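Architecture at a glance
Below, each chain spelled out in residue letters.
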Amino acid sequence: MRASLPLLLLAGACAPGPPLPFLQDKPPPQPSVSISVARDTLVADGVDHTAVTATFTDQVTRDVVIRFTTSGGILTGSAVPPDADGHATVTLVADREEDMGGLEEKRVVVRAIVELGDNLVATQVAEVAFRAPTAGNPLLFLTADPPAADADGASTVTLTATARRMDPGTVLTFATTAGTLSAPSSVLDAALHATVTLVAPAAPANARVTVTDAASGASGVVLVSFVPAGAPQFDLTGVFAQLAVVRVRLSAGTLRPDPQCVVAPSILRMDLAQNDHDLAVTFTTCHVTLPAVTSIAGTVTNETPPAFLAAIPRVTQQLRLAETTLGTVVEFPRSVVVVGAELGNPADDGLPSDADDPRVRDSDNDGQPGVTVLNSLGGEQHIVYRNKGSSRARVRSSNRLDGDVLGDLVALTETSVFGLGGSFMPDTAQLPSVLQVARVDGLNGSPRIDNDGDGELSCQEIVDAQAQVFNPKRSAWGTGMLLACGT
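Reading guide: rules and limits
Residues numbered from 1 in each chain as written. Predicted model: local features only at pLDDT ≥ 70, side-chain atom pairs only at ≥ 80, totals over all residues. Heavy atoms only, no water. Helix = DSSP H or I, 4+ residues; strand = E, 2+ residues; numbered from the N terminus. Buried < 20%, exposed > 50% of the residue type's maximum accessible area, 1.4 Å probe, protein only. Contact = heavy atoms within 4.5 Å. Areas by Shrake-Rupley, 256 points an atom, 1.4 Å probe, with all protein chains shown as cover. Phe/Tyr/Trp six-rings, centres within 6.5 Å; stacked < 30°, edge-to-face > 60°. Pairing = 2+ DSSP bridges.

All right, on to the overall build of the chain then. Scanning the chain from N- to C-terminus turns up four helices and 33 strands. Looking at the chain as a whole, 49% of its 487 residues qualify as buried. Contacts in the chain between residues far apart in sequence, at least 24 positions, make up 66% of those at least 6 positions apart. Element-wise, carbon and sulfur atoms account for 51% of the exposed surface of the chain, whose accessible area totals about 21100 Å².

Below, the discussion takes up the packing of aromatic side chains. Per the stated rule, a full pass over the model turns up two aromatic pairs. Taking the centre distance of 5.7 Å and the plane angle of 75° together, the rings of Phe283 and Phe332 count as edge-to-face. You can see Phe283 sitting in strand E23 (residues 278-288) and its partner Phe332 sitting in strand E28 (residues 329-339), a full 49 residues away along the chain. Residue class for Phe283 comes out buried when judged on its relative accessible area of 1%.

Another aspect to go through is the sheet that holds strand E5 (residues 49-56). If you trace the four strands from one edge of the open sheet to the other, you get E3-E5-E9-E7, paired in antiparallel fashion. A single partner strand is all that each edge strand has here, and the edge strands are strand E3 (33-37) and strand E7 (74-75). Pairing of E3 with E5 involves five bridges; the strand directions are antiparallel. Along E5, the bridge assignment pairs Ser34 with Thr55.

Purely spatial values, then, with no claim about function.
Quick look at the structure:
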């Protein structure tokens, strides 16, 4: 397929790929802000802290305020006017170790944002690591795999205790309010883990399982749901975030090397409502990544103005689950999204190639045809794109779905660029891709990423919390095997 701009979308998601350079005027300069932290590693004790300083470097006459957000810990301020030198400083206080869910380290994203209106927004991020203390009272964390099972008197659940600041060989005591434990106690191994098995009761129940260390008094707890045979083992109603890791192979004589494979992660908000086997879902695009490519003109990067994201329509789908047991595959229906034009047949009509085509729409309301992205060499690009996408994911719990098999995510994209840029684009080939989905509304022990406490889970809060929400090992595929130019 000949594409004038490889933009990758899925079910309302937008994960644009990088265009090749072409000649146009440079875009107007954007406001600029920088951010720094005095210390990039904090002890997760609820006390350790660091100064976060943002500097607004643009020369403007109007008053500005620098907004701060964080995906973890607590900030002492959320909106601070810069001083005469353009500096604004707040303090970030680390989480407690008990809030880290047994993790030894949690990466936190702190963001500084300046908004001047008219789509002029500057934002920068800094990362801070919260690390579990090496000293202090012993702690225990308890997990269940799977977290739900049929109440049939035979199904089993593996309970794993993780200890902090305890000695291998320590005997831990387990207890449950429902079901039968394979043993009343277990011994910590060298990795400070201890496991027992919980056998389901014959009648439905919610089991509250505890693990304790008699010597220190440390304890952990987990809930396990035992449901009637045939009843749903999970409830997906709530707010989730999706990380879609889209892959594409680009081919053109102007690329170095040629072909060149890139990964374009996107982040979406998913609002789900489950009623037994019926599931309704609404996708909202929160963030797109435009990866750099290397051409004969050098490295090319791209930016998406806020209006670009706002122009991507939400997609709502209704589907019926084949099964309601853990591990079932959710098949999200195929969707078609067109932005920058109104087509009579959205799936099959040819895309406009001329800005004067009556089907073209100013979808981002910036006074230009189509939607606008910013290219480091070519300036503003005015485009129309269409995506036909589908995905599937396996339900691991009421809090998580995994599309971790290559091909679980598929996106087919066609794009046109108005003007000279349409003549300098590569051929594209879609590669099998992956995704992961995690709950972010605080239910069932999941993280609630309402960092400003306004009762709403915004796209920006979801983006800021990505290091906390998504599994680092799975998201690391984007820089490993997924960059391979094969299948």
